[in-house]
Amino acid sequence: MSIARRYTLYTLLLMLVLTAVFAPLMSLASYRQEYRRVSEQIEQIEHSHIPALVSSLWMTHYKLLQEQIEGIVEFPYIDQVEVIDDEGCLYSVNYRKNPTPQREKMKKYRHTLTYEYRGEEIQLGKLILYVNTRRLRSDVIKGQVPFLLYNLLVALSLAVAVSFLFHMMVGRHLRRFAEFLQSSSDSSSLSRHFSYGRRKSYDDELTQLAEAVNSMRQKLRGQFEEKEMLLREVHHRIKNNISSVQALLKMQADSIDNSDALVALDDAASRLQSMMVLYDKLYRQGMVESMSVAEYLPTLLHEILGVFPGGKKVQLHTEIDNILFDAQELSYLGIMTNELVTNSLKHGFLDQTEGHISVVLRRQSEQKLEFIYRDDGVGVSDSVISGESGGLGFMLIRSMIDQFEGTFEISGKQGILVRILFSH
Amino acid sequence: MKKTVCAVLMLLAVLSTLYGNDNKFYISTSYKNLLSNPEKSGMLDRIMDEAFHRIGLEAEIVFTRTEKSLVDVNAGLLDGELNRVAGMEEEYSNLVQVPEPNMTMHFVAFAKQDFQIDGWESIRNLYIGIVKGWKILEQNTTGFPHRSLVPSETELFTMLHKDRLDVALYSKLTGYAALEEMNYDELFHLEPPLVSRKMYLYVHKSHAALVPKIADALRSMKDDGSYQRIVSDSTDPYIKP
């Protein structure tokens, strides 16, 4: 989830939490305020209406009394007013919107109505006001609904505004920056300089970040070039050393008569050949840590066939995809290929005037690569296929396959067919 | 101002359409008692009916609220005012008094107990009640310390019944009619009357020519005994001896 969306979500949540906290507090405050207002009304009734009620009662002006009661019931939240006179007659008016009030659920205010006559307090009756506190509460809560809706609207607007502003001012630039870094992660792109492309330049955190990263990339580029140069030098020296060892092995082979020792020294020299080709390639190409297998394997195959007696009679077919491998993996692949070709040349084409070798390396799926080696020689015995025999060459092949964590199939009936599936 | 004049003129036009095209004489009253009532069985209803009949007109008595009654007649909206004391023409210049009185109204003090009274000063310190708007009573009791002004005779006699007044000042005839209706048998009037006033019919000045005829008709009724018959029929059942 993008930062802008998280901003939106968090802002919304924050506003909702604030609303959830403050809405009840405001409701409580409103309720208290309204209740105070109702109490003030009661006082007002006591001061202004009750003398008039008393006068009407005293004069037995019941029509006026009824009108006065109707006036009192117009006060907010007074749902019923009752006056009971000295003869027990009831004069009552209900709030028009609540014609059947549930009196037991309402708060009652009682007031005795007296008149001073000839120095005596004459009791004329009593006034009972029924205040609907439930409706008061309900109205207060209803009154909070617009506040809540307003807050939600503000929260939503604020969240969207924050999200939009963040996206416009920060998010989209960071995304571009990330895309640039992803697309410019290889050593050759380190020289590229990043710019946000903003219409106006600001000396803000984004600019400082870009400048810092650009500066870091410049330094990395320098270090990388230095490392490449060193590695190229190392590869050159390794290749030279391998070449020296190979020359020594060949000189040693020339000086001995024992055929087994001669074969062993030739095999060792041949194996060094594959590594020498690899390091030569790594030295010569721009990249020092990895290389396309399409660059390496055909060259290696031609080198082996070129130096091996009878190799030139072999027709080579290659179908190799352009896939990058690091030096270590290429080394395993080179040794394995060298063993297979050497085996074909030494054992497969003994009685043939010419032979065919096919090497295929292709991507089978997103994760899997398929390596197929085939010749049209005499094939191999079942003991070799089962792994019981096969000498050092097949041991090396199996060992290399293990390095790739791949699966291995070999068939030796009509020439040799080796199929390896491994992850890459 | 223009709007008011227009409204009055329109009202006059409407009323003249309603009341003006026949031989009816529209008399305003604010009574609803044994003197005059919607059933036309009141004492004055019957007297007016007979008097106007004698001059070849038909009396139509129309109820109008007290405070509006004189104003409407003075404005010519109605033809006459049923029963007022003398001197109303001083305030209402368009009114003409019929010189022969309709009746004599005795204003008395009603009480629950027997007081000895003799004029206004004798009741000054009593708790008295009068109906608001009765000018003769209001004027004579101005400054009395325990005076209560009530809206109607109902409240007046109820207060007296509940011992909230010592005396209730009211017209003797209509007072007894009200007591009869309210079943307040324990209340009675005190003698002598506080004041007696002859009551007159007033007509709008446009009908001034009728005044002598109406006066003659009333006098002839009194002379031939028909007046007294109507009075007795109308009031005897109510008045306590």
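### With respect to the overall build of chain A
Moving on, step 1. Within chain A, the regular secondary structure consists of 9 helices and 11 strands.
Moving on, step 2. A separation threshold of at least 6 residues defines the contact pool for chain A, and within that pool the share at least 24 residues apart is 65%.
Moving on, step 3. A total of about 24,400 Å² of accessible surface is found on chain A, and carbon and sulfur atoms cover 55% of it.

### Some remarks on the sheet that holds strand β11 (residues 417-423) of chain A
Residues and elements named next belong to chain A.
Moving on, step 1. The 5 strands are arranged β6-β8-β9-β11-β10 in an open sheet whose pairing can be described as mixed. In the strand order of this sheet, the two ends are held by β6 (314-320) and β10 (407-411), each with one partner. For this sheet, the mean inter-axis angle between neighbouring strands, taken without regard to orientation, is 10°.
Moving on, step 2. Together, β6, β8 (355-363) and β9 (368-375) form the strand contacts of helix α6 (residues 293-307), whose direction differs from that of β6 by roughly 170°.
Moving on, step 3. Running over the sheet, helix α9 (residues 391-404) touches β10 and β11 and is turned about 150° from β10.

### Describing unusual backbone geometry
Residue and element names in this part refer to chain B.
Moving on, step 1. The peptide bond linking E191 to P192 adopts the cis configuration, its omega dihedral lying at 0°.
Moving on, step 2. Here P192 shows up in strand β9 (residues 188-204).
Moving on, step 3. Phi at K40 is positive, roughly 65°, even though this residue is not glycine.
Moving on, step 4. Structurally, K40 can be placed in the loop between β1 (24-29) and α2 (43-54).
Moving on, step 5. The phi dihedral of N183 is positive, around 60°, even though this residue is not glycine.
Moving on, step 6. Looking at the secondary structure, you find N183 in the loop between α6 (172-182) and β9.

### Considerations on the sheet that holds strand β2 (residues 90-94) of chain A
Residues and elements named next belong to chain A.
Moving on, step 1. Here we have 4 strands laid out as an open sheet, ordered β2-β1-β4-β3, and antiparallel in their pairing. Only two strands of the sheet have a single neighbouring strand rather than two, namely β2 and β3 (107-117). In this sheet, adjacent strand axes meet at a mean angle of 15° when their direction is disregarded.
Moving on, step 2. Relative to strand β4 (residues 120-131), strand β1 (residues 78-85) is paired through 7 bridges, and the arrangement is antiparallel. Across the sheet, V81 pairs through a bridge with L129, a residue of β4.
Moving on, step 3. Strands in contact with helix α2 (residues 62-72) are β1, β2 and β4; relative to β2, the strand with the most contacts, it is inclined by about 35°.

### Some remarks on the nonpolar core
All names here are of chain A.
Moving on, step 1. Membership of the largest hydrophobic core comes to 53 residues, with the highest contact counts inside it found for V293, L297, F325, M336, L361, F371 and Y373.
Moving on, step 2. No other element matches helix α7 (residues 327-348), which puts 9 residues into this core.
Moving on, step 3. Discounting residues that sit within four places of it in the chain, F371 has contacts with L297, M336, T337, L340, V359, V360, L361, V418, R419, I420 and F422.

### Some remarks on the layout of surface pockets
Moving on, step 1. Put simply, the largest pocket is a space of about 1,200 Å³.
Moving on, step 2. Taken together, 37 residues line the largest pocket, and the ones lying closest to its centre are B:S30, B:T66, B:R84, B:G133 and B:W134.
Moving on, step 3. Those elements giving two or more residues to the lining of the largest pocket turn out to be β1, α3 (66-74), β3 (80-84), β5 (103-111), α4 (135-140), α5 (153-161) and β9 of chain B.
Moving on, step 4. If one sorts the elements of the lining of the largest pocket by residue count, β3(B) sits on top with 4 residues.
Moving on, step 5. Residues of the lining of the largest pocket, tallied by class, amount to 16 nonpolar, 11 polar and 10 charged.
Moving on, step 6. The volume enclosed by the second largest pocket comes to roughly 490 Å³.
Moving on, step 7. In terms of lining residues, the second largest pocket is bounded by 25 residues, among which A:V307, A:F308, A:P309, A:L345 and A:K346 are the most central.
Moving on, step 8. Tallying contributions element by element places helix α5 (residues 259-284) of chain A first for the lining of the second largest pocket, with 6 residues.

### Some thoughts on the interface of chain B and chain A
When the parts of a complex come together, some accessible area is lost, and that lost area is often used as the size of the interface.
Moving on, step 1. Facing the 12 residues of chain B at the interface are 11 residues of chain A.
Moving on, step 2. Between chain B and chain A, the buried area comes to about 1,000 Å², and carbon and sulfur atoms account for 49% of it.
Moving on, step 3. When residues of chain B are sorted by the area they lose upon contact with chain A, B:Y127, B:K162 and B:R164 head the list and together hold 52% of the total.
Moving on, step 4. One salt bridge in this structure joins A:R118 and B:D166, with 2.3 Å as the shortest N-O distance.

### Let's talk about helix α7 (residues 211-224) of chain B
Residues and elements named next belong to chain B.
Moving on, step 1. Across its 14 residues, α7 extends 20 Å between first and last C-alpha, which sits within 8% of the 20 Å expected from 1.5 Å per residue.
Moving on, step 2. Along α7, the residues that are buried comprise V211, I214, A215, A217, L218 and M221. Projected down its long axis, α7 carries its buried residues within an arc of 160°, all on one side.
Moving on, step 3. If you follow the buried residues of α7, they end up packed against α2, β4 (95-97), β9 and α8 (226-235).
Moving on, step 4. With its phi angle positive at about 85°, G225 sits one or two positions after the end of α7.

### Some details on the confidence of the model for chain B
Residues and elements named next belong to chain B.
Moving on, step 1. Averaged over all residues, the pLDDT of chain B equals 88, while 90% of them reach at least 70.
Moving on, step 2. When mean pLDDT is taken per element in chain B, β4 scores highest with 97 and helix α1 (residues 2-19) scores lowest with 47.
Moving on, step 3. Segment residues 5-21: pLDDT under 50, and 11 contacts once partners within four positions in sequence are set aside and those in other chains are kept.

Criteria and cut-off values
Throughout this description, residue numbers start from 1 for each chain and increase along the sequence as written. Labels follow written order: the first chain is A, the first ligand is 1, and so on. pLDDT decides what is reported in this predicted model: residues at 70 or higher carry local features, side-chain atom pairs at 80 or more are listed and counted, and totals for whole chains, interfaces and linings draw on all residues regardless. Only hydrogens and water are set aside when side-chain values are computed; all heavy atoms of the structure are taken into account. Only runs of H or I of at least four residues qualify as helices and only runs of E of at least two qualify as strands under DSSP, and these elements are numbered from the N terminus. Two residues form a contact once any of their heavy atoms are found within 4.5 Å. In these tables, accessible area is a Shrake-Rupley quantity obtained with a 1.4 Å probe, and a residue counts as shielded only by the protein chains included in the view. Here, any two strands with at least 2 DSSP bridges between them count as paired. Axis definition: a line fit to C-alpha positions, over the contact stretch in the case of helices; interaxial angles, taken between N-to-C directions, run 0 to 180 degrees. For this analysis, a nonpolar core means a set of buried residues of the types Ala, Val, Leu, Ile, Met, Phe, Trp, Tyr and Cys, connected via side-chain atoms within 4.5 Å. Each residue gets one of three labels from its accessible area relative to the maximum for its type: buried under 20%, exposed over 50%, partly exposed in between, using a 1.4 Å probe on protein chains only. Any residue with an atom within 4 Å of a point lines the site, the site being either a cavity, points on a 1 Å grid over the protein atoms alone where a 1.4 Å probe fits but cannot get out, or a pocket, an open set with protein on both sides within 12 Å along at least 5 of 7 lines. Grid points are joined across faces, edges and corners, and a volume is the space filled by probe spheres set on the points. Polar here means any residue outside two lists: the nonpolar Ala, Val, Leu, Ile, Met, Phe, Trp, Tyr, Cys and Pro, and the charged Asp, Glu, Lys and Arg; Gly therefore counts as polar. The term buried area denotes the loss of accessible surface (1.4 Å probe radius) that occurs when two parts are joined, taken as the sum for both partners. By definition, a salt bridge exists where a carboxyl oxygen of Asp or Glu is found within 4 Å of a side-chain nitrogen of Lys or Arg. Under the convention used throughout, the expected extent of a helix is 1.5 Å for every residue step, that is, one less than its residue count. The arc refers to the directions leading from the helix axis to the C-beta atoms. The predictor's confidence in any single residue is recorded as pLDDT, a number from 0 to 100.

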